[in-house]
Amino acid sequence: MTDPKLFFVTPDVEPEISRPEASKVLSGDPVHTTWNLEERDGLYCGVWESTPGSWRISYDEWEYCRILEGVSVISEDDGEAVTVRAGDSFVLRPGFRGGWEVIETTRKDYVIRL
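Residues numbered from 1 in each chain as written. Predicted model: local features only at pLDDT ≥ 70, side-chain atom pairs only at ≥ 80, totals over all residues. Heavy atoms only, no water.

Undergrad: Give a detailed account of the overall build of the protein chain, specifying residues and quantitative values.
TA: When you go through the protein chain residue by residue, the secondary structure sums to zero helices and nine strands. From first element to last, N terminus to C terminus, the protein chain shows the α and β order β-β-β-β-β-β-β-β-β. A fraction of 61% describes how many contacts in the protein chain between residues 6 or more apart in sequence connect residues 24 or more apart. Carbon and sulfur atoms make up 50% of the accessible area of the protein chain, which totals about 7,300 Å². When the 12 basic and 22 acidic side-chain charges of the protein chain are each reduced to a single mean position, those positions are 3 Å apart. (Helix = DSSP H or I, 4+ residues; strand = E, 2+ residues; numbered from the N terminus. Contact = heavy atoms within 4.5 Å. Areas by Shrake-Rupley, 256 points an atom, 1.4 Å probe, with all protein chains shown as cover. Lys, Arg positive; Asp, Glu negative; His and termini not counted. Charge placed at Lys NZ, Arg CZ, Asp CG, Glu CD.)

Next up, the structure:
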């Protein structure tokens with residue numbers, strides 16, 4: 001039997017509701033719901049969901065993402081736009097600057113390392 005202190009699948013976590021800063025919103029009124037499963041020593045992981053809309057993003061940390069549901073378009077400043085959907089995994093590296101557009105409500109697993 002697995003020690004519940006070491007491993008859990010569906011913890012009781014209250015979601016946090018937020019929106020991107022108004023100055024970063026490019027279109028719509030995206031609402032973010034985040035279930036933070038772990039936060040310690042510069043490591044953050046959980047599940048994040050957003051309703052449609054678009055906003056500016058900039059990363060000073062590493063983030064691994066796996067799309068669980070929905071469709072989004074991530075575009076890098078002066079770069080190409082990439083459509084991500086359920087089953088896609090990717091890493092956003094420190095220094096990434098661009099935009100995130102949620103076409104269909106998107107849910108992802110994430111792991112962030114500062």
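Back to the write-up after that little detour.
Undergrad: So what about a nonpolar patch on the surface? Which residues, and what values?
TA: On the surface, a cluster of nonpolar side chains totalling about 350 Å² of accessible area is made up of W62, Y64, V91 and V111. Note that W62 resides in strand β6 (residues 62-76). Given a relative accessible area of 43%, W62 falls into the partly exposed group. (Patch = residues over 30% accessible without salt bridge, like charges linked within 9 Å, V, L, I, M, F, W, Y side chains within 5 Å. Salt bridge = Lys/Arg side-chain N within 4 Å of Asp/Glu carboxyl O. Buried < 20%, exposed > 50% of the residue type's maximum accessible area, 1.4 Å probe, protein only.)

Undergrad: Give me the nonpolar core: which residues, what numbers.
TA: Counting residues in hydrophobic clusters, the biggest one holds 15 residues, and the most contacted among them are I57, I74, F90, L92 and W100. The set of elements that each furnish at least two residues to this core consists of β5 (53-58), β6, β8 (89-92) and β9 (97-113). When residues in this core are grouped by element, the largest group, four residues, is from β9. Apart from the residues within four sequence positions on either side, L92 is in contact with Y59, E61, W62, E63, I74 and W100. (Core = buried A, V, L, I, M, F, W, Y, C linked by side-chain atoms within 4.5 Å.)

Undergrad: Could you give me a rundown of the pattern of salt bridges, with the residues and numbers involved?
TA: Under the criterion given, the structure shown has seven salt bridges. For D29, the salt bridge identified is with R19, shortest N-O distance 2.8 Å. With D29 in the loop between β2 (25-28) and β3 (32-40) and R19 in the loop between β1 (16-18) and β2, the pair connects residues that are 10 residues apart, well separated along the chain. A salt bridge links E38 to R40, with the shortest nitrogen-to-oxygen separation between them at 2.5 Å. Take E38: its relative accessible area is 21%, and that puts it in the partly exposed class.

Undergrad: So what's going on with the packing of aromatic side chains? Residues and values would help.
TA: As enumerated under the stated definition, the model contains five aromatic pairs in all. Their ring planes at 10 degrees and their centres at 6.5 Å tell us that W55 and W100 sit as a pair that is stacked. Of this pair, W55 sits in strand β5 while W100 sits in strand β9; the two residues are 45 residues apart in sequence, bridging distant segments of the chain. In this structure W100 comes out as buried when scored by relative accessible area, which is 2%. Here the aromatic rings of Y59 and F96 are separated by 6.5 Å at their centres, their planes lie at 80 degrees, and the arrangement is edge-to-face. (Phe/Tyr/Trp six-rings, centres within 6.5 Å; stacked < 30°, edge-to-face > 60°.)

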